[in-house]
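Chains, contacts and geometry: an overview
The lines below spell out each chain.
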Number of protein chains: 2
Amino acid sequence: MHLDLPAHGSRRAALAQALREAVRGGRLAAGTRLPPYRSLAEDLGVARGTVADAYAELVAEGWFTARQGSGTRVAEGVPVRPERAAPGPAPARPAHRFDLTQGKPDPASFPRGAWSASVRRALAAAPADAFGPGDPRGRPELRRALAQYLARARGVRTDAEHIVVCAGFANGLRLLAGLRPRDWAVEAYGLPFHHGILAAAGVRPHAVPIDADGVRTDALPARARTALLTPAHQFPTGGPLLPARRTAAVEWARSTGGVILEDDYDGEFRYDRKPVGALQGLAPDLVVYAGSLSKSLSPALRLGWLVLPDALTGQVVAAKGLRESWTSAVDQLTFADFLESGAYDRHVRRMRHRYRARRDLLAAALAERVPGVRVTGISAGLHAVLELPPGTESAALAAARRAGLLLDGLSEYRHPAAGAVHGGRAAADRQGLVVGYAGLGERQFEEAVGVLTGALRSAVGATAPPAPSGRDAAPPTTPHPD
Amino acid sequence: MHLDLPAHGSRRAALAQALREAVRGGRLAAGTRLPPYRSLAEDLGVARGTVADAYAELVAEGWFTARQGSGTRVAEGVPVRPERAAPGPAPARPAHRFDLTQGKPDPASFPRGAWSASVRRALAAAPADAFGPGDPRGRPELRRALAQYLARARGVRTDAEHIVVCAGFANGLRLLAGLRPRDWAVEAYGLPFHHGILAAAGVRPHAVPIDADGVRTDALPARARTALLTPAHQFPTGGPLLPARRTAAVEWARSTGGVILEDDYDGEFRYDRKPVGALQGLAPDLVVYAGSLSKSLSPALRLGWLVLPDALTGQVVAAKGLRESWTSAVDQLTFADFLESGAYDRHVRRMRHRYRARRDLLAAALAERVPGVRVTGISAGLHAVLELPPGTESAALAAARRAGLLLDGLSEYRHPAAGAVHGGRAAADRQGLVVGYAGLGERQFEEAVGVLTGALRSAVGATAPPAPSGRDAAPPTTPHPD
């Protein structure tokens, strides 16, 4: 069954909404038997419990019927596209006061004036062929500017000929999933949206465990040929990959003939010391480096890039086809000017400052009001993980949602295949909330933090903190550099 | 075997290049047996002869070996990504002086100043949420502006709730191919790139014959549930769908429960009388109307739209996912302003005037110098079909290419499944050249026309014209309104 789930937000709510749409649109006809939890969960890259919860919700709402022995089926008599079935005003989300889901930069901070100025300069300077059918590698102006920027800001070693522009990280991931052998290593925690893209492409995932020092690259399976890693800031649990583990990852790639896909989703936002350079710099022949504007400027631009080893460049370009089908040349030319004029550096610097202040506010409020919650993963990025005492995640989530907050539990980010690696129990013990602190304006965020700490006090109480589960764990008020 | 071929240009050259890349990139290993012509041709939606020619070319170049009884194989010892295997400076094309392939507007005419002004106004006016994760239906500002424009300019009946923005027509076609039942009706002539998209999605195509009055909608197969049609200007042979045939198409959809996908790829460019309104206006509940900026402004913007029947809207939105993955919000907001400020109407008017002058120049030059060639399909659009006497297409193409022209033969646009409908012979008799007259500047175009008529005189001679094969056929100097 094909269902598209969004990148962010509650898996259960998104799946339930996709199922309702499938019934309403006639794709799931009355009487159809739904797939078992396990197989749909595998297809979509979500936890089995998420599917069970979504089915239960639709049974409760009358869309499905569940009968002993005949499984879950689409109910009879559900109106298919009634009188006026145009989609509602916005994608379905539970009603909420504050959206604290991770992954979004502050939309109000988009640099409108500077971007407009770059458009004007870039269009005036562009050669006529920029408005003809696009080169699938992307505009040369942008690839040149990116090669310089990435060398300077992220320690990436490349040139314009080995960069391919794409429509955000997801587009790059889809391209590689279609090209690489079937066995991929993935971190035991990651973005379910990415797991879903890999599953849709027929990838066989191998979850690599995470311990106190991040992903255990010494445990990368020999069978996998591609490893999707987040070395700058393990997503979502936090913490950069330690030097010894970086070496181990490169060693794995070299000895197995494999390739590492480095998802550098928020490498620009490091708060307490210098940015940790990209893994790619260690081994440009073994690492595909992927970045995008989705965290640093806006996910609405749909602009990203792959930096490719020589041996993969031709394949990726060929897979894109002889013409660019997706990314806007105007945005590409504009971003090239935005980079070269220094506007991008200025924007990132300003946002780093603002996000850091919000992070400090969150950490301080939690330390004061809910000391039983340990804040981790906050030395970088746009979100924090609030580690909770075992067994309290669902109660904490429920309390936060009742209080009007939209946010995710840490267990929603656990890869469905991770149980087999860890042993289900140990992995399930890691509980927490993933809190985005970038998406709201300062005033709203301050209010949301008040609501959050109130909800957590009621759910978790003010007990002693759990044992730290990672080096990125920080004493609450002064975040520990990692 | 997965290969991406470009939208335009020689199929054979593109396929040969994709195969070279596959060998060089290691996807086709030495000794691998290539698929039979027929199966690869079906996969890619190209003619069998195109595959045979591409294979022969690679055998001649030493990439492949062909031996009786063991088929075509990848040769041993071909260097896989030699020393420096970064892709060349541009997608491979035969060397040429003038590019007369169809499908491109004049890139030098992109309205840079007006577009920059729209960016500035649109960004200043946009709400903050425009820079957050995108609604998969597209920006509401653009959908409202499009609903008004399409009603006024194309007779489309819809509202903002039934429009879904997409990354050009190809994105819309992929979305629908993934949703609709497997059997599709397609016109016997069309764009091979689109045939390839449908084939990749597992669509079973049924080619509908074309006669002197265009596509025979009375012959739409009852088995198909979706019909891909070009009612404004049959692609590439020219001519609008006659009223009786429009009624027949709607009747087919109503009686079979089918849906028509109306590809209105160049509906704005009609030269000799008023535009022919969209078929969608006849039956908004049975027609998906698709348009894009690829012909009217630039294919580099990657911006298009689907106008959907109520019953399909939710399905298409659900298939896009809960977040926009492709189209840039900045381009969407800008185009909304460009439409509402009147800049789009002004641009289309100016380009209509310019393209019409180029068309007249082409028709007059051919009438004077090569009367044996009949020019058809020129009452609208950005290309003409030069109908040739039977059996002369390949000689004419070869002569044109020797003279330094890049252009396509009409037979490359024939759907591979069309033989079964027509009887191969009758269909193969329709021969000609497809000449784009929009992509070059005026001066270059004039020179290219001189080269073209010279090449055709040598290949076809100055004999009497063949019998007209369509109502859109025009007396050479004063195009007949159709």
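Residues numbered from 1 in each chain as written. Chains lettered and ligands numbered in written order. Predicted model: local features only at pLDDT ≥ 70, side-chain atom pairs only at ≥ 80, totals over all residues. Heavy atoms only, no water.

Observations concerning helix H12 (residues 393-402) of chain B
Residue and element names in this part refer to chain B. Of all the positions in H12, only Glu393, Ala396, Leu397, Ala399 and Ala400 are classed as buried. All buried residues of H12 project into a common sector of 165° when viewed along the axis, lining one side. Opposite the buried face of H12, by more than 90 degrees, sit the exposed residues Ser394 and Arg402. Backbone geometry just downstream of H12 places Gly404 in the positive-phi region, at approximately 95°. (Buried < 20%, exposed > 50% of the residue type's maximum accessible area, 1.4 Å probe, protein only. Helix = DSSP H or I, 4+ residues; strand = E, 2+ residues; numbered from the N terminus. Arc of directions from axis to C-beta.)

Describing the nonpolar core
Core analysis: the largest hydrophobic core is formed by 138 residues, its most contacted members being Phe335 of chain A together with Phe335 of chain B. If we ignore the near neighbours within four places in the chain, the residues touching Phe335 of chain B are Trp115, Leu142, Leu146, Leu293, Leu297, Leu303, Trp305 and Tyr344 of chain B. (Core = buried A, V, L, I, M, F, W, Y, C linked by side-chain atoms within 4.5 Å. Contact = heavy atoms within 4.5 Å.)

Brief notes about the pattern of salt bridges
Scanning the entire structure with this criterion turns up 48 salt bridges over all chains. The salt bridge partner of Asp337 of chain B is Arg121 of chain B, with a shortest N-O separation of 2.7 Å. Within this pair, whereas Asp337 of chain B is found in helix H10 (residues 329-340), its partner Arg121 of chain B is found in helix H4 (residues 112-125), the two being separated by 216 residues in sequence. Judged by relative accessible area, Arg121 of chain B falls into the partly exposed class, the value being 38%. Several salt bridges converge on common partners, so that one network encompasses Asp106, Arg354, Arg358 and Glu442 of chain A. (Salt bridge = Lys/Arg side-chain N within 4 Å of Asp/Glu carboxyl O.)

Structural notes on the state of the cysteines
Applying the stated rule across the entire model yields 0 disulfides over all chains. Unpaired in terms of disulfides, Cys166 of chain A finds its nearest cysteine sulfur in Cys166 of chain B, a separation of 20 Å. Owing to a relative accessible area of 1%, Cys166 of chain A belongs among the buried residues under this scheme. (Disulfide = S-S within 2.5 Å.)

Focus on helix H5 (residues 140-154) of chain B
Residue and element names in this part refer to chain B. When the terminal C-alpha atoms of H5 are compared, their 20 Å separation across 15 residues agrees well with the 21 Å that a helix rising 1.5 Å per residue should span. Tucked inside the fold, the buried residues of H5 contact strand S4 (163-166), strand S11 (287-292), strand S12 (304-307), H10 and helix H11 (343-369). Where H5 terminates, the next one or two residues include Gly155, which has phi positive at roughly 70°. (Expected span 1.5 Å × (residues − 1).)

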